[in-house]
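What follows is each chain in one-letter form.
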Amino acid sequence: MKRLLILVIALCFPVYGQWIRHVIDRNLGGAHGIYVADMDNDNDLDVVATGYYVDDVVWYEAPSWTKHFIDQNLDYPCGVYVADMDNDNDLDVIATGADAVVWYEGWTKHFIDHNLDGARGVYVADMDNDDDLDVIATGGDADAVVWYEAPSWNKHFIDQNLNGAWGVYVADMDNDNDLDVVATGYMADDVVWYEAPSWNKHYIDQVLTRALGVYVADMDNDNDLDVVATGYMAGDVIWYEAPSWTKHFIDHNLDGACGVYIADMDNDDDLDVVATGIVADDVVWYEAPSWNKHFIHQFLNGARGVYVADMDNDNDLDVIATGTYADKVIWYEKPVGVEEGSNQPAITLAQPFPNPFRTKTEIKFSLEHSTKDIELKIHNILGRVIKNFVLSTAYPLVPTVVSWDGTDDSGTRVPPGVYFVVLTATQNKQIRKLLMVK
């Protein structure tokens, strides 16, 4: 019987489709860095971000996205990272801004460095294998890559000659059980890795015009670590195959290529690439191994930071991004199922709230332009319609909220269990899973 139910669900509700946009904040001036973590230990994922133009470091509490200020006085905050720096079982935040590298402990502000000119990228790792977490950062104006040794924060220079040092990633690149550092030089057009502990400098690429973002992963499953980087002026997303650093172009045409993240987006056991284009205003993912380009969002003004995580615990990967010129933080959710029709009104069906629910839940949706051909229904696990809401015309950019009290069309309360909210506008369909409990 269980297999039959799964089959019925699969037939009724397609798996793949377009991304649902959830705006976390539309007023974070110069939204820049992004990180995802369970900040309040309540088993859902929260979001931490920096606002470059408003000097803010903030975290947003899921699922309501309540905005909590960590700092409102960090000049030009840029990079951000989350970790338990002091081993006290709560999460701290590390950020870069102007000339500073700071960490926030419940949110007391501790300066790690007051004097890293143009502090940009930041990463946290135990660099010296002494069971405490150190901090690695880049200084774009100092041309420096440095690591700070906890707990004294002694400053160790890895490189003082990487022109426009920007992106940074830490990994054991040569499989010798110590941590190496990979970085980009924005003005140097360089992608490099530094071999610990001597910090010998190895060039991966010296002609990636305005090299910016960087990420490390075993892209081809051959047990060595490859590098993926973005070139802002080149419009390139490239992966470099270790150990020869053979260059594979993923995209030649992502204008202002900026943020990058690697994850298996389609659950097919190979690694895909997610990236942002700050000039193109695009958030995209590239499907390995062909690198087919899929648009997540084409109109996020100044798309910059990007992160991948399962935000709604539904076993697929969502994308979180910042729009520097839009002042927005958004997470993009892959719905349970979507059917797309060409030239049809774009629809957005939000996650019902609360979910799970006992007595009542609210279903919010919106359309990009009005249509009379719209339906909102509740299906049971067998795909049968139990509730058909009567809707008037939905207006552009004005969210519509419908309440469901757990009753069917006859007014009888349905039993607890899994249900599906199905929104249809002409040929477009979006579906959300809903759980009613006793």
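Residues numbered from 1 in each chain as written. Predicted model: local features only at pLDDT ≥ 70, side-chain atom pairs only at ≥ 80, totals over all residues. Heavy atoms only, no water.

**As for the overall build of the protein chain**
Note the threshold: Secondary structure elements follow DSSP: runs of H or I no shorter than four residues count as helices, runs of E no shorter than two count as strands, and numbering proceeds from the N terminus. A radius of gyration in this sense is built from C-alpha atoms; the matching globule rule multiplies 2.2 Å by the number of residues raised to 0.38. Summary of the burial criterion: residues with accessible area below 20% of their type's maximum are buried, those above 50% are exposed, and those between are partly exposed, where the area comes from a 1.4 Å probe applied to protein chains only. Contacts are assigned to residue pairs that have any heavy atoms within 4.5 Å of one another. Counting rule for charge: Lys and Arg are taken as positive, Asp and Glu as negative, and neither His nor the chain ends is counted. Taken as the charge centre is NZ of Lys, CZ of Arg, CG of Asp or CD of Glu, depending on the residue.
Scanning the protein chain from terminus to terminus reveals one helix and 36 strands. Scaling as 2.2 N^0.38, a compact globule of 438 residues should have a C-alpha radius of gyration of about 22 Å, and the protein chain matches this with 23 Å. Each of the three principal axes of the protein chain carries a C-alpha extent, and together these read 75 × 45 × 40 Å. A total of 438 residues make up the protein chain; the buried ones form 53% of that total. Sequence-distant contacts, at least 24 apart, represent 43% of the contacts inside the protein chain between residues at least 6 apart. Once the 27 positive and 73 negative side-chain charges of the protein chain are each reduced to a mean point, those two points are 15 Å apart.

**Describing the nonpolar core**
Our working definition: What is meant by a nonpolar core is a set of buried Ala, Val, Leu, Ile, Met, Phe, Trp, Tyr and Cys residues, joined one to another through side-chain atoms within 4.5 Å.
With 118 residues, the main nonpolar core has Val47, Val135, Val181, Val227, Val273 and Val319 as its most contacted residues. Aside from chain neighbours lying at most four places away, what touches Val273 is Met219, Val228, Val237, Ile250, Val260, Tyr261, Ile262, Val284, Trp285, Tyr286 and Trp291. If you look at the next biggest cluster of nonpolar residues, it comprises 20 residues, including Phe365, Ile374, Val421 and Leu423.

**A look at unusual backbone geometry**
Geometrically, the link from Ala150 to Pro151 is a cis peptide bond, its omega value of 0 degrees lying close to zero. Summarising the element assignment, Pro151 is placed in the loop between β12 (144–149) and β13 (154–159). With omega at -5 degrees, the peptide bond leading from Phe353 into Pro354 counts as cis. Take Pro354: it is sitting in the loop between β30 (347–349) and β31 (361–367). At Trp245, a position not held by glycine, the phi torsion is positive, near 60 degrees. One can find Trp245 in the loop between β20 (236–241) and β21 (246–251).

**Overview of a nonpolar patch on the surface**
In plain terms, the rule: Nonpolar side chains (Val, Leu, Ile, Met, Phe, Trp, Tyr) are joined into patches within 5 Å and like charges within 9 Å, using only residues with over 30% relative accessible area and no salt bridge. A 1.4 Å probe and the Shrake-Rupley method give the accessible areas. Residues count as covered only by the protein chains that appear here. The salt bridge definition used is simple: a Lys or Arg side-chain nitrogen within 4 Å of an Asp or Glu carboxyl oxygen.
There is a patch of nonpolar side chains on the surface, built from Tyr53, Val54 and Tyr325 and spanning about 300 Å² of accessible area. In this structure, Val54 sits in the loop between β3 (46–51) and β4 (56–61).

No statement about biological role is implied by the geometric values presented.
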